[in-house]
Amino acid sequence: MRPLKDAAPELGHSYTVKMAERGSESQDDIVVNHVSEADLRSVLVTSVLNLEKLDTDLFRGTHHWIPRTKRLFGGQIVGQALVAAANSVSEHLYAHSLHCYFVRAGDPKVPVLYQVERTRDGRSFCVRSVKAIQHGQPILICQASFHMQQKSPLEHQFTMPTVPLPDTLLTVEELIQRYLSDPNLADNTRQGLNKILADEVPIEIKPVNPPDFFRRVAMEPKKLFWVRARGHIDTVQDLHQRPGDMKLHCCVAAYVSDYAFLGTALLPYPNHRAQFSASLDHAMWFHSTFRADEWMLYECESPWSGGSRGFVQGRLWRQDGVLAASCAQEGVIRVKAVSPSKL
């Protein structure tokens, strides 16, 4: 544990839970993006997180990336819910925590309505309740809390893990290309890898210690990877001067934080694959200012699993060692036994 490097304000909150059904570890453990740098604003900011205002505290969101499970990506729903909540609070308030329950799977064929309830407005804190609705029923129930920046002599944090810098590591896309260069690769495996490469997910990932893609050995339920949104979200460097931009970075981080999270609980079980996986609840706490379009280290671990459920925790670290955000999630994981992978 060490003192904080700066006195950055407590920030945003947003969390992401996944209702997607995951049929193999490849979708949960490996994510690739072909969205160009220049397209970020039109895809992630202008499109995915730019909600249409229908009425006071009522918004409509559309979809960009649809998982191969044909269900909505949980990170998108949580990120959009945080956008809706943030639109109902004043400029000087920062999101600092978010708690979600996913109650139904999302339908990718129709937009999502976000209904905001102004639960409480206090001097330092305000609370918003958000319902994400499809077909007249809630698919997500979210509580978000916002806080006015305040200085405090009480500041500490854990120490960031010592890992290689992102510039020295390969992206998931580059790692998959290495697998594909193997002439002895089985046809079905090659097909699966090419499908992953075809996904258009607007984030970039660089694993610190790339796990065996074929999961032939049991691993500790921990993983580390660098992650960022592709392209540039804005041109402002000092987010203290424009807190509205910090809210946007929090919403993007909520979207990003759902990737490869629940799959951490599967790492000790190489002879099992997920038949069905769905997040039950999801929470996120924002601690310091950060930029979601710059590399952050995502430290994920699963301290427990049992009863067809898995519990995972995560920390997002800035490159300078400041703890930006913390995450937690529990989800259903129903598995089936499989024979060892063959190349």
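## Describing the overall build of the protein
Across its full length, the protein carries six helices and twelve strands. Residue burial in the protein is summarised as follows: out of 343 residues, 55% are buried. Within the protein, contacts between residues at least 6 apart in sequence are counted, and of these 78% link residues at least 24 apart. Approximately 15,200 Å² of the protein is accessible, and the part contributed by carbon and sulfur atoms is 51%.

## Overview of the pairing of strand S5 (residues 125-134)
For S5, the tally of buried residues reaches seven of ten residues, placing the bulk of the element in the interior. Between strand S4 (residues 112-121) and S5, which pair antiparallel and follow one another directly, the connecting turn spans three residues. Where S5 lies against strand S6 (residues 137-148), ten bridges are found, and the strand directions are antiparallel. Residue pairing across strands places Phe 125 opposite His 147, the latter belonging to S6.

## Quick notes on the nonpolar core
Counting 77 residues, the largest nonpolar core has Tyr 114, Leu 140, Phe 146 and Phe 290 as its most contacted members. In this structure, Val 163, Leu 169, Leu 297 and Trp 317 belong to the second largest nonpolar core, which totals nine residues.

Conventions used here
Residues numbered from 1 in each chain as written. Predicted model: local features only at pLDDT ≥ 70, side-chain atom pairs only at ≥ 80, totals over all residues. Heavy atoms only, no water. Helix = DSSP H or I, 4+ residues; strand = E, 2+ residues; numbered from the N terminus. Buried < 20%, exposed > 50% of the residue type's maximum accessible area, 1.4 Å probe, protein only. Contact = heavy atoms within 4.5 Å. Areas by Shrake-Rupley, 256 points an atom, 1.4 Å probe, with all protein chains shown as cover. Pairing = 2+ DSSP bridges. Core = buried A, V, L, I, M, F, W, Y, C linked by side-chain atoms within 4.5 Å.

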